[in-house]
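A look at the structure
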Amino acid sequence: MQLLNLIFIVDDDPIHQQIANLMIKRQGIGEKVKAFSEAQDALNYLREYIYEPDLLPDLILLDLNMPVMDGWDFLNDYAGFYEQLPKKIGIFVLTSSIDDSDRKKVDDYAFVKGYLTKPLSSEIINKLQAE
Amino acid sequence: MNDAIINKALASFVPALLLDLNGNLLSANDRARGLVQLPGGNAGKVHYDHLFGERTGIYWGALLATLQNGLKACIELAGRSGQWTAWQLLAHNEHYILLGQESTQPDKLFSHLPLGIQQFTVDGFPVKSNALQKEIWGPHHPIFIQPGYNILRDPVYRQIGLSQLFEEVVATGGPVKKEILLRYQEFAIRDAIRLSPCFYEATVFPAFNQQKQITDLYLLLQECTAQKLTLMGLEKSARLLDSVVEHLPIGYVQFDHHGFMRRINHTHREFLKVRSGLQYESYNIMSDPFARLYGFNEMFMTVVTENRMIRREIEVDFSAEKTYTDLSEVRWMDYTLFPLRDPIDKKTIVVALINDITDKKLEHYMRTELQRNTEQLHLFFDAVDMGYATLERDGRVNFMNRKAAQMAGVEIQPGCNIFAVIPEFRTPSPFLDRLAQAMKSTVSESFSSYFYRMDKWFDFLVTPMRDNTVSVFIRDITGSRKLQKELHRANSQLSKLNRNLTNQNQQLEDFAHITSHNLRAPIANLKALMQLHNDSEKETEKEEYLGMLEAVINKTDETLNDLVNVVQIRKETDIRQELLSFESRLQYISHVLVLEISQSGLQITTDLQEAPMVRFPRIYLDSILQNLVTNSIRYRMPGTVPTLHFSSRKEKGMITLTAEDNGMGIDMDRFGSKLFGFRKTFHKNADAKGIGLFITKNQVEAMGGSISAESAPGRGTKFIITFKTE
């Protein structure tokens, strides 16, 4: 099992950020975890380090329901430049929504690897590891 | 011999006059002087023409010519005492002698006869005539003035047959009579000269001597123009009458008093198609089987015995009669038989006038049938539960059934005009325009109208008919109208309910969405923290997790409270509304938020005169105004004095409140759809919870209003709230 170098958590809920951080650390799937309350900040980061693969995350856990810029805005923006990225980033939508329409809509984004529903549990972490 | 006579005469036994070769009187004996009026007794300067010519019209030349032609030259002259004397001219030794002979009694008669009479010699030379005859011929007729005139040689009288009368008398020795058109008389009518014929009865008879030899011929002329013309007129009238009877437009049959047919006119012969050559004179109405079949014999007898007219209309089957007619059809005939008295034998004759009335009967039958049909139709229309009327285009009533009359509620007689008698049809109205238009239309038109007087709705169908009248069908649709109205109301209520349900459903869906996003998230956190807590073995970690749990629970509680607030708004659609002044509520809010307003320096301006008041729940309006003021402070542009301008308008029965600030504005392309969502924030503002506009929207919509926004980043935001008015 290869340890992931960097994992992004994009979620406006600080409690969830903390929980995710703890879960990831405890399961030991990643070395570093970086949390963003604003989706825009995460996009800015990706654009800033677009030519530095080491600084880019291996995995992004993206919430959908966020103020100012939500998960869909993030995906739409990301779709415009992800092919220029020097490495493949696994994006998982991690949301409290159990809405089918959201689940289907995610399928439109080929680069999204999966749709996960909160809470983030050890089972989900294991699944992520498997992916 | 002449000498002896003359000598004798001159010796005064016979009246005698001696003339020279030119007709001048040389001498006269006493007898002659007594008969001829000589001027002053001197005969030396007197001419024959003076003595005789001027008095008789036979002048010297004419008399001399007669003598020279070897004829007897005679003239007659009335004497002083009325005595007529006949004078004969004789030639004597370079002289002429006129010898007189006093006329006898017949000559007197001759002159006084009331007829025109004229004496001719046997060979046609005129001898003498009486005055009346001269008048008939005219004084200038050649018979008097043309020397040697002979009536047998006159071409005109030969042509009309007068000359031949003389010849016939000579040949037969007896008198002959004939009506002749002797001449034409001219008379003037206005500017035109007309000729009228003058008819005379000419009688020529002979005079004999003792040897029974014809010595003279006499012509009597008596005018008979009037009689002749009357007779001609009568003949003409008779011919005309005959022709009229023959070609009468109806059949004419005449029977004698025994019943034998004496006449059948052309019209009836044609009608019966009588075979040519048939001897109908042998037909007797009393014995003919066909006549007896239809009782014509009895009719005839009644006319003869009772001497009165009979008229019958009989349907006759002519196929039963084979002898006289080829007409083998059934016809309706009109027979009129009446008696006439024969002017000659005074017996009764019977005339039958016969008219074929089959067409008339048929027409009558058709008319009766039509009338019966019409009556049946009217009965039918009276029975139907629908108003029906036939009208002339101008509105005159031909027929109106009972129901229609009931509907109109006024008495309507055929012939009266609906536009005059029905009150609603007299006053101008859209209905009346529509009706008048439909009455002129060439296609069926349907429309309905409410009548206040009867409190009823009527539906009209106006249909043009072929005879240029219109049929109007009227239905009372009050019941169905009410039902329709009820249905409409129920439908609109249903629609409203449906809208509300849809709305509520949408709200439920929204709510489910909100719940899933805003309640599931903290619960998921709780679950995760519980798992971390349970998996942890360190007390310090466990405590940390419990602390986090508390924070999550608090957050959840807050969210739940917000949601409960919203649910409350949604539930309270019946919340008390009151008439509120925008201005006064704004003052109240400014008072509540006095600290925030003074710290931010917000300048509030208003323009609320057009719609100063609104009926709305007070706490909602306060909440809305507070939200708008708070937002304008919270999202003000850094470095700029914040402003907020309120204005109200009345538009299309609604009241519109506009709140326009000069704040940061929102990217409507990106966030427009989420602007009024639950827990949606669009600025990195620590105070923003994303609940204010959500609540505002719910409060506005709960009261039937709406809210929208116009904005752009850096250009401020304009909220437009529409309040429903009653």
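Attention here is on the structure that accompanies the text. (Residues numbered from 1 in each chain as written. Chains lettered and ligands numbered in written order. Predicted model: local features only at pLDDT ≥ 70, side-chain atom pairs only at ≥ 80, totals over all residues.)

All names here are of chain A. Interhelical geometry of helix 2 (residues 39-48) versus helix 3 (residues 71-79) gives an angle of 20 degrees and a closest axis separation of 9 Å. Overall, the two elements helix 2 and helix 3 adopt an arrangement that is roughly parallel. Regarding helix 2 and helix 3, the two cross each other, and that crossing is right-handed. From helix 2, Ala 39, Ala 42 and Leu 43 reach across to helix 3, where they touch Gly 71, Asp 73, Phe 74, Asp 77 and Tyr 78. Broken down by class, the residue content of the contact of helix 2 with helix 3 amounts to five nonpolar, one polar and two charged. (Axes fitted to C-alpha atoms, helices over the stretch in contact; angles between N-to-C directions. Helix = DSSP H or I, 4+ residues; strand = E, 2+ residues; numbered from the N terminus. Parallel < 35°, antiparallel > 145°, perpendicular 65-115°, else oblique. Left-handed = near helix turned anticlockwise from the far one by under 90°. Contact = placed C-beta atoms within 7 Å. Nonpolar A, V, L, I, M, F, W, Y, C, P; charged D, E, K, R; others polar.)

What follows is about the sheet that holds strand 12 (residues 261-264) of chain B. Residue and element names in this part refer to chain B. The strand order across the open sheet formed by five strands is 12-11-15-14-13, and the pairing between neighbours is antiparallel. Because the sheet does not close on itself, it has two edges, and the strands there are strand 12 and strand 13 (310-317). Pairwise comparison of adjacent strand axes, ignoring direction, gives a mean angle of 25 degrees for this sheet. In this sheet, strand 15 (residues 348-356) lies alongside strand 11 (residues 251-255) in antiparallel orientation, the contact comprising five bridges. Looking across to strand 15, one finds that Gly 251 is bridged to Ile 354. (Pairing = 2+ DSSP bridges.)

Here the focus is the nonpolar core. In terms of nonpolar packing, the biggest core is built from 45 residues, with A:Phe8, A:Val10, A:Ile19, A:Leu61, A:Leu62 and A:Phe74 touching the most fellow members. With six residues, helix 1 (residues 14-27) of chain A is the single largest residue contributor to this core. Listed in part, the 31 residues of the second largest apolar core include B:Val629, B:Ile691, B:Ile721 and B:Phe723. (Core = buried A, V, L, I, M, F, W, Y, C linked by C-beta atoms within 7 Å. Buried ≥ 20, exposed ≤ 12 C-beta atoms within 10 Å, placed from the backbone.)

Contact with chain A, which involves 19 residues of that partner, is made by 21 residues of chain B. Split by residue class, the side of chain A that touches chain B holds nine nonpolar, six polar and four charged.

We now examine the pairing of strand 4 (residues 90-95) of chain A. Residues and elements named next belong to chain A. A large share of strand 4 lies buried, amounting to five of its six residues. Examined bridge by bridge, strand 3 (residues 59-62) and strand 4 share four bridges and lie parallel to one another. Paired with Leu 59 across the two strands is Gly 90, which belongs to strand 4. Here five bridges tie strand 4 to strand 5 (residues 112-117), and the two strands are oriented parallel to one another. In the sheet register, Thr 95 faces strand 5, and the bridge partner there is Thr 117. Taken together, strand 4, helix 4 (residues 100-107) and strand 5 form a β-α-β motif whose crossover is right-handed. (Right-handed = clockwise from strand over helix to strand, strands pointing away.)

Attention now goes to the pairing of strand 2 (residues 30-36) of chain A. Residues and elements named next belong to chain A. Note: strand 1 (residues 4-10) against strand 2, six bridges, orientation parallel. The residue of strand 2 that forms the bridge with Ile 7 is Val 33. Handedness of the crossover is the feature at issue here: the chain leaves strand 1, passes through helix 1, returns alongside strand 2, and the resulting connection is right-handed.

Whether parallel or antiparallel, the strands of a sheet pair through hydrogen bonds between backbone atoms. Residues and elements named next belong to chain B. Ordered in space as 22-24-25-27-26, the five strands form an open sheet in which the pairing is mixed. The open sheet has two edge strands, strand 22 (603-607) and strand 26 (706-711), and neither has a second partner. Averaged over all pairs of adjacent strands, the angle between their axes in this sheet comes to 15 degrees, without regard to strand direction. Two elements, strand 22 and strand 24 (residues 643-651), share five bridges in a ladder whose sense is parallel. The partner of Gln 603 across the bridge, within strand 24, is Thr 643.

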